[in-house]
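# Architecture at a glance
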Amino acid sequence: MTNIPINSKQSTNTPIKCKICNKKTDFWKQFKVLKKYNVNYFRCQNCDFIQTEKPFWLKEAYTNAINKSDTGIMQRNLWFSKLTSLILFHFYDPTKPFIDYAAGYGIFVRLMRDYGFSFYWEDKYCKNLVALGFEKPSDIKTYEAVTAFEVFEHFEDPLTEINEIMKLSNTIIFSTELFKPSSLDEDWWYFSPHHGQHIGFYSEKTLLTIADKLNLNFCTNGSNFHLFTPKKISMKAFNKTLRSHDKNLTKIFSKKNQTKTMSDHKLISSL
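Residues numbered from 1 in each chain as written. Predicted model: local features only at pLDDT ≥ 70, side-chain atom pairs only at ≥ 80, totals over all residues. Heavy atoms only, no water.

### Section: a nonpolar patch on the surface
Judged by side-chain polarity, Y105, L129 and V130 come together as a nonpolar surface patch covering roughly 240 Å² of accessible area. Checked against the element boundaries, Y105 lands in the loop between β4 (97-101) and α3 (107-114). (Patch = residues over 30% accessible without salt bridge, like charges linked within 9 Å, V, L, I, M, F, W, Y side chains within 5 Å. Areas by Shrake-Rupley, 256 points an atom, 1.4 Å probe, with all protein chains shown as cover. Salt bridge = Lys/Arg side-chain N within 4 Å of Asp/Glu carboxyl O. Helix = DSSP H or I, 4+ residues; strand = E, 2+ residues; numbered from the N terminus.)

This is the structure we're talking about:
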C-alpha cells in the first residue's frame, strides 16, 4: 500500500488536459475512492470525457483483477457473446481468428468457441480459468476483430491503450456504459468509487471523438455495446442486427459454424 495521505488530490483550480481531445477540463465532483481517498473528477466541456485526477490508488484497487462487486460478470458475458456473434456473422468473416483483449477469466472466449468462433484469450493481469489452452498464439499477429468488454473505463491513457489494441485488429467490438450529459447523476452506479478501478467515463460524443481521431467508423446501441471499424457499417444496420438477439442463436449458428466444444475437448485432452 502506498504511503499517500488520505486527502492527497489534484487541486480543483489546476487545469487538467482531457486525455481524449487535449482540451482543458473543469472540476466536476469529488468522490471517496476505496472509501478513504478524496479524489477529484474532471469533465471535458469539449468531448464530455470524465476522468479522475492521476490515479495513485490503482495498485491498491487491483489487489484482485476482478472486483468482488462485479455481480454482472456472467450475465454480461452471456449477453455480449450473443450480440458479438450476430455482428461477426453479418459483417465479418466468421472463419477468421478473433481475440478477446483483457479477457479476464476467459468466460467470453469459452462462450464464443462454443458458438464455433476461433476466439483466443489475452490478459496481462488476470488468470485464465475457463479458456485454458486458447491463449493468444505466437503465430497469429492480426485478427479479424478484437473484443474488449468492460475495459475502456479502466484505461489510464485511453488513446495509447486503444492504439495498442489496434495492433491486433483495426476492428474493436467493446463495451462501456455511456452517460447522457443532459441527465448525468453523481449517483450513477458506474462511477463505482468503492472499488476504484473505473477512472474514465464516456458519452456517445466522447467515443465519436475517438473514432474521428482514429479515422474509424463508430456504431453504438446508445448504451453499452459499441464498434470501431474501418467498414462502412451504418448505425441503422448495426442496431437492426442487434435486435435479432432473441432468436435461437444456437440453431442459427450451427448451420454456419460448428461448435468447438467437443473438438476443443479432444484437442486439450490430447496434449
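From this point, things continue past the structure.
### Considerations on the packing of helix α4 (residues 158-165) against helix α5 (residues 204-214)
Contact geometry of α4 with α5 gives a least axis separation of 12 Å together with a crossing angle of 55 degrees. What the angle tells us is that α4 and α5 run oblique. Between α4 and α5 lies a crossing whose hand is right-handed. Each of L159, I162 and N163 in α4 lies in contact with α5, whose residues at this interface are I210, K213 and L214. A class-by-class count of the residues in the contact of α4 with α5 yields 4 nonpolar, 1 polar and 1 charged. (Axes fitted to C-alpha atoms, helices over the stretch in contact; angles between N-to-C directions. Parallel < 35°, antiparallel > 145°, perpendicular 65-115°, else oblique. Left-handed = near helix turned anticlockwise from the far one by under 90°. Contact = heavy atoms within 4.5 Å. Nonpolar A, V, L, I, M, F, W, Y, C, P; charged D, E, K, R; others polar.)

### A look at the pairing of strand β2 (residues 37-44)
Among the 8 residues that make up β2, 8 are buried, leaving the element largely enclosed by the rest of the structure. Residues Y37, V39, Y41 and R43 point to one face of β2 and N38, N40, F42 and C44 to the other, with burial holding for every one of them. By the bridge criterion, 8 bridges tie strand β1 (residues 25-33) to β2 in an arrangement that is antiparallel. Counterpart to K29 in the pairing with β2 is Y41. Between the antiparallel neighbours β1 and β2 lie 3 residues, among them L34 with a positive phi of about 55 degrees. Here β2 runs beside strand β3 (residues 50-52); their pairing, made up of 3 bridges, is antiparallel. Opposite F42, over in β3, you have Q51 as the bridge partner. Connecting β2 to the antiparallel partner β3 that follows it, the hairpin turn spans 5 residues, and D48 within it adopts a positive phi of roughly 80 degrees. (Buried < 20%, exposed > 50% of the residue type's maximum accessible area, 1.4 Å probe, protein only. Pairing = 2+ DSSP bridges.)

### Let's talk about the environment of P158
Within the secondary structure, P158 sits in helix α4. A residue is classified by how much of its surface remains accessible, and P158, at 0% relative accessible area, is buried. As for P158 and G200, which are separated by 42 residues in sequence, their C-alpha atoms are 8.3 Å apart. Ignoring anything within four residues of it in the chain, the contact list for P158 reads K19, I20, F49 and Y202.

### Section: the packing of aromatic side chains
Following the criterion strictly, the structure yields 31 aromatic pairs and no others. Geometrically, the ring pair formed by F149 and F225 is stacked, given 6.2 Å between the ring centres and 15 degrees between the ring planes. Taken together, the positions of F149 in strand β6 (residues 145-149) and F225 in the loop between β9 (217-220) and β10 (226-229) put the pair 76 residues apart, joining distant regions of the chain. F225 sits in the buried class, given a relative accessible area of 0%. An aromatic cluster is built from W28, F31, Y41, F179, W188, W189, Y190, F191 and F201, whose rings are joined through pairwise contacts. (Phe/Tyr/Trp six-rings, centres within 6.5 Å; stacked < 30°, edge-to-face > 60°.)

### What to know about the nonpolar core
Where a protein is soluble and globular, its nonpolar side chains tend to be buried together. Y101, F152, I165, Y202, L207, I210 and F228 are the most contacted members of the largest nonpolar core, which totals 32 residues. Only β4, β6, α4, β7 (172-175) and α5 provide two or more residues apiece to this core. Of all hydrophobic cores here, the second largest spans 25 residues; its members include L88, F108, F119 and W121. (Core = buried A, V, L, I, M, F, W, Y, C linked by side-chain atoms within 4.5 Å.)

### A closer look at unusual backbone geometry
We note that K35 has phi near 65 degrees; this positive angle belongs to a residue other than glycine. Relative to the helices and strands, K35 resides in the loop between β1 and β2. By relative accessible area, which is 67% here, K35 ends up exposed. The residue E150 is not glycine, and still its phi comes out positive at about 50 degrees. With respect to the helices and strands, E150 occurs in the loop between β6 and α4. The buried category is assigned to E150, whose relative accessible area is 15%.

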